[in-house]
Amino acid sequence: AAMMQMQMQMQMGAMMQMQMMQMHMMNPMMAAMQMPMVTMVPSCACGSVPALDEEAAELANCTLEDMAAIETEAREMEKTAKEEAKRSESFVGLMARYIEDEGFGFISCPECKEVWTKTDIFISGRNFMAAGIDVGDMVSFQVERDGKDLPRACKVKKLPELTRLRKKLLRMRDVLRIVPPPAGVKRANADAAPPAKRPNTGPPDSQA
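What you are looking at is a predicted structure, and each value in this text was computed from that prediction instead of being measured. (Residues numbered from 1 in each chain as written. Predicted model: local features only at pLDDT ≥ 70, side-chain atom pairs only at ≥ 80, totals over all residues. Heavy atoms only, no water.)

**Student:** Looking at this model, I keep getting lost on the overall build of the protein chain. Mind explaining?
**Tutor:** On a plain count of helices and strands, the protein chain comes out with 6 helices and 5 strands. Helices (α) and strands (β) of the protein chain occur, in sequence order from the N terminus, as α-α-α-β-β-α-β-α-β-β-α. Relative to its full complement of 208 residues, the protein chain shows a buried share of 21%. A separation threshold of at least 6 residues defines the contact pool for the protein chain, and within that pool the share at least 24 residues apart is 52%. A total accessible area of about 16,500 Å² is found for the protein chain, and carbon and sulfur atoms account for 60% of it. (Helix = DSSP H or I, 4+ residues; strand = E, 2+ residues; numbered from the N terminus. Buried < 20%, exposed > 50% of the residue type's maximum accessible area, 1.4 Å probe, protein only. Contact = heavy atoms within 4.5 Å. Areas by Shrake-Rupley, 256 points an atom, 1.4 Å probe, with all protein chains shown as cover.)

Take a look at the structure:
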């Protein structure tokens, strides 16, 4: 009986040693597996979430008065930017569209019509990329003639603050579901609109 007990103790001791050796071998493997997971987490992710939450909360609580204030601020800032641009023979416009397949786009600027007879000024893909701009940005630019004697934008620069205000205003309009009417068209009052008359499909002489 004493021999059997000693054998069992020896077997248990050997099993414990094997388990300890296996754990010792697995620890470096687990550490190696965990290392990439740590580096994959962006360090700035936690810092960007509060900013997005604050912006979303601000837009969710915006009112018509808030939107009117932003419109006034954006209008005054755009006016100032245009006055400064005019002193350097430049213009201020909206990067309206860019066609990636063709490699060019257009800047919308009403003030260009008087000088260049166009409100949409061509911008090449090279100038678009070099300026680091995107569709929807407000930009300052100068105009020169290309090889075909046509106007094209050059020395294009993004106007960050004016762009930020304009995009904020667009998001406010989206939240409040307000779409501005086209220029020169007044918004109709739906409540005051008269009911539509039913068209008369019969011949004129059939009316009583």
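**Student:** Explain the nonpolar core here, please?
**Tutor:** General note: in soluble globular proteins, nonpolar side chains tend to be found buried as a group. Judged by nonpolar contacts, the single largest core of 16 residues is most densely connected at Ile 107, Cys 112, Ile 123, Phe 141 and Val 156. For this core, the secondary-structure elements that each account for two or more residues are strand E1 (91-99), helix H4 (112-116), strand E3 (120-124), strand E4 (138-145) and strand E5 (151-158). In this structure, Leu 59, Cys 62, Leu 165 and Leu 169 belong to the second largest nonpolar core, which totals 8 residues. (Core = buried A, V, L, I, M, F, W, Y, C linked by side-chain atoms within 4.5 Å.)

**Student:** When you look at the environment of Glu 161 in this model, what are you seeing that I'm missing?
**Tutor:** Inspection of the secondary structure puts Glu 161 in helix H6 (residues 160-175). You can call Glu 161 partly exposed: its relative accessible area is 44%. Each C-alpha atom, one on Glu 161 and one on Met 138, is 8.9 Å from the other, the two residues being 23 residues apart in sequence. Reaching out from Glu 161, the side chain makes a polar contact with the side chain of Arg 164 at a distance of 3.1 Å. (Polar contact = N/O pair within 3.5 Å; in protein donor to acceptor, adjacent residues only side chain to side chain.)

**Student:** Help me out: how do you make sense of the packing of helix H3 (residues 64-87) against H6 in this one?
**Tutor:** Packed helices, taken two at a time, are described by the angle their axes make and the gap between the axes. Running from amino to carboxyl end, H3 crosses H6 at an angle of 155°, the nearest separation of the two axes being 10 Å. When the axes of H3 and H6 are compared, the pair comes out roughly antiparallel. H3 and H6 meet at a crossing whose hand is left-handed. Residues Asp 66, Met 67, Ile 70, Glu 71, Glu 73, Ala 74, Met 77 and Glu 78 of H3 form the contact with H6, whose own contacting residues are Glu 161, Leu 162, Leu 165, Lys 168, Leu 169, Met 172 and Arg 173. Across the contact of H3 with H6, the residue classes break down as 8 nonpolar, no polar and 7 charged. (Axes fitted to C-alpha atoms, helices over the stretch in contact; angles between N-to-C directions. Parallel < 35°, antiparallel > 145°, perpendicular 65-115°, else oblique. Left-handed = near helix turned anticlockwise from the far one by under 90°. Nonpolar A, V, L, I, M, F, W, Y, C, P; charged D, E, K, R; others polar.)

**Student:** Is there a simple way to think about the pattern of salt bridges in this case?
**Tutor:** Working definition: two side chains of opposite charge can pair if their charged atoms are close together. Under the criterion given, the structure shown has 9 salt bridges. The closest approach of N and O atoms between Asp 137 and Lys 167, which form a salt bridge, is 3.1 Å. Of this pair, Asp 137 sits in the loop between helix H5 (125-131) and E4 while Lys 167 sits in helix H6; the two residues are 30 residues apart in sequence, bridging distant segments of the chain. Given a relative accessible area of 2%, Asp 137 falls into the buried group. For Lys 167, a relative accessible area of 30% translates into the label partly exposed. Taken together, the shared-partner salt bridges in this structure form one network comprising Glu 78, Lys 82 and Glu 111. (Salt bridge = Lys/Arg side-chain N within 4 Å of Asp/Glu carboxyl O.)

**Student:** Looking at this model, I keep getting lost on H6. Mind explaining?
**Tutor:** In an α-helix, one turn spans 3.6 residues; hence positions three or four apart end up facing the same way. Look at H6: 23 Å from first C-alpha to last across 16 residues, which is about the 22 Å you get at 1.5 Å a residue. Buried residues of H6: Leu 162, Thr 163, Leu 165, Lys 168, Leu 169, Met 172 and Arg 173, and no others. Within two residues after H6, Arg 177 carries a phi angle of roughly 55°, on the positive side. (Expected span 1.5 Å × (residues − 1).)

**Student:** Looking at this model, I keep getting lost on the pairing of E4. Mind explaining?
**Tutor:** Here E1 runs beside E4; their pairing, made up of 4 bridges, is antiparallel. Residue pairing in the sheet places Gly 93 in a bridge with Val 139 of E4. Here E4 pairs with E5 via 6 bridges, running antiparallel. The residue bridging Val 143 from the neighbouring strand is Ala 153, located in E5. Where E4 folds back onto E5 in an antiparallel hairpin, the turn is made up of 5 residues, including Asp 149, whose phi is positive at roughly 65°. (Pairing = 2+ DSSP bridges.)

**Student:** What exactly am I supposed to notice about the packing of aromatic side chains here?
**Tutor:** Working definition: an aromatic ring pair is given by the centre-to-centre distance plus the angle between the planes. Applying the stated criterion to the full structure yields 5 aromatic pairs. Considering the side-chain rings of Tyr 98 and Phe 128, the 4.0 Å spacing of their centres and the 10° angle between planes classify their relative orientation as stacked. One end of the pair, Tyr 98, is in strand E1; the other, Phe 128, is in helix H5, and 30 residues separate them in sequence. Owing to a relative accessible area of 18%, Tyr 98 belongs among the buried residues under this scheme. Ring geometry for Phe 104 and Phe 106: centres 5.8 Å apart, planes at 90°, overall edge-to-face. Feature note: the residues Phe 104, Phe 106 and Phe 122 constitute an aromatic cluster, connected by ring pairs. (Phe/Tyr/Trp six-rings, centres within 6.5 Å; stacked < 30°, edge-to-face > 60°.)

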